[in-house]
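Letter by letter, the chains look like this.
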Amino acid sequence: MHVEPVEPLRDKLRAFAFALGLHALVVLSLLVGLWWTHETRPVSMPGPVIEATLVGPTSAPKSRAGVARPKPAPPKPEPPTPVPPKPEPPKPEPPKPEPAKAEPQKPTPAEVQRQDLIEQERIAAVAEQKAEQEQKKEQEEKHRKEQVLLDEEQKKKQLKEEQLKQLADIRKQREAAEKTVKDEQKRLKTIEDRNSQQKAEQAQPVAEHESEKAQTGAGGKDDDASARYVAAIQASVTQNWNRPDSAQMGLLCSINITQIPGGDLISVTVGSPCNADEATRTSIEQAVRKAAPLPYQGFEKVFQRSVKLNFRYNGEG
């Protein structure tokens, strides 16, 4: 296929300048022609017409006055009007050749092989990336399951520790209860021994018996059962008293106790007279609460809802 060369820009400019000069020359010729054919008017001077006779070899007609008239000069021929040349029409520019469309070249076998290799590498890279993502997901799922197992083991361990702690607390409470039972049995045995001793002392003279009743704190006005009941309560309170360092010898305090059948304590207050400080008063009240339930079995007939005791401390024990 033959491709015509494209006309350069310089040749186009040169042709344009030539056409412009040609048109200017044509316009200038038209203007000159118009000026050349312009009609000139004759000059007419003022005054009478002058008639003259030309003297020469040839005769000339005379005027009325006998004066020969000159022959008029022949009119000058008018110059021909120049005909302007017809402008040549501008030459049409040759059509620009369209750029030839390049036909698609068929890829060579080497290029096809290279493209196949690139596509295979891309597919392999995508497959490898997908495999890595799957492996990462599996590892995350495995780690999550391991974390769940660890959390469950931790919860089981905490629950076991709590159960062991509860068992230890129950064991301590049971030991404390057993100790309380033993102390109560010991206290009851002491009371029984004291009651047996009091029964043995009942055979003594009346004067000696009245003196013994005065020592129980009942004022010597109650019978033997009431005196033994009050003495049992007083002994139980004394055994449970934790003496503070501020307790002084010669201590005497009145205790007001309110209870129900069975010996369960309702209230306790330290009244007057009482020569103890606040810490000692509090320790006496705590001793009464620790002694509860107060002695009741064997003293049902002489049970008193309100009991007033005289708590003494002479420096012994």
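Residues numbered from 1 in each chain as written. Predicted model: local features only at pLDDT ≥ 70, side-chain atom pairs only at ≥ 80, totals over all residues. Heavy atoms only, no water.

## Notes on the overall build of the chain
Okay, step 1: Within the chain, the secondary structure is distributed over five helices and three strands.
Okay, step 2: Tracing the chain from N to C terminus, the helices and strands come up as α-α-α-α-β-β-α-β.
Okay, step 3: Taken over 317 residues, the chain has a buried fraction of 17%.
Okay, step 4: The contacts of the chain with a sequence gap of at least 6 include a subset with a gap of at least 24, amounting to 66%.
Okay, step 5: Accessible area for the chain stands at about 26600 Å²; split by element, carbon and sulfur atoms hold 57% of it. (Helix = DSSP H or I, 4+ residues; strand = E, 2+ residues; numbered from the N terminus. Buried < 20%, exposed > 50% of the residue type's maximum accessible area, 1.4 Å probe, protein only. Contact = heavy atoms within 4.5 Å. Areas by Shrake-Rupley, 256 points an atom, 1.4 Å probe, with all protein chains shown as cover.)

## A short note on the nonpolar core
Okay, step 1: Within the largest apolar cluster, 27 residues are counted, with the highest numbers of intra-cluster contacts made by I233, W241, L251, I255, I257 and I284.
Okay, step 2: Those elements that place two or more of their residues in this core are α4 (224-239), β1 (251-259), β2 (265-274), α5 (278-291) and β3 (306-313).
Okay, step 3: If you tally residues by element for this core, the top one is α4, at five residues.
Okay, step 4: Leave out the neighbours within four places in its chain, and I284 touches W241, L251, C253, I255, V270 and F311. (Core = buried A, V, L, I, M, F, W, Y, C linked by side-chain atoms within 4.5 Å.)

## What to know about a nonpolar patch on the surface
Okay, step 1: The grouping of V27, L31 and L34 at the surface amounts to a nonpolar patch, some 310 Å² of accessible area in total.
Okay, step 2: Along the chain, V27 falls in helix α1 (residues 9-36). (Patch = residues over 30% accessible without salt bridge, like charges linked within 9 Å, V, L, I, M, F, W, Y side chains within 5 Å. Salt bridge = Lys/Arg side-chain N within 4 Å of Asp/Glu carboxyl O.)

## A closer look at unusual backbone geometry
Okay, step 1: Look at the link from S272 to P273: it is a cis peptide, with omega at 0 degrees.
Okay, step 2: Structurally, P273 is set in strand β2.

## Focus: the state of the cysteines
Okay, step 1: All told, the structure shown has one disulfide when counted by the stated rule.
Okay, step 2: There is a disulfide in this structure between C253 and C274, and the S-S distance comes to 2.0 Å. Measuring the twist about the S-S bond at about 55 degrees, one finds the C253-C274 disulfide to be right-handed. Here C274 lies in strand β2 and C253 lies in strand β1, a separation of 21 residues in the sequence. (Disulfide = S-S within 2.5 Å.)

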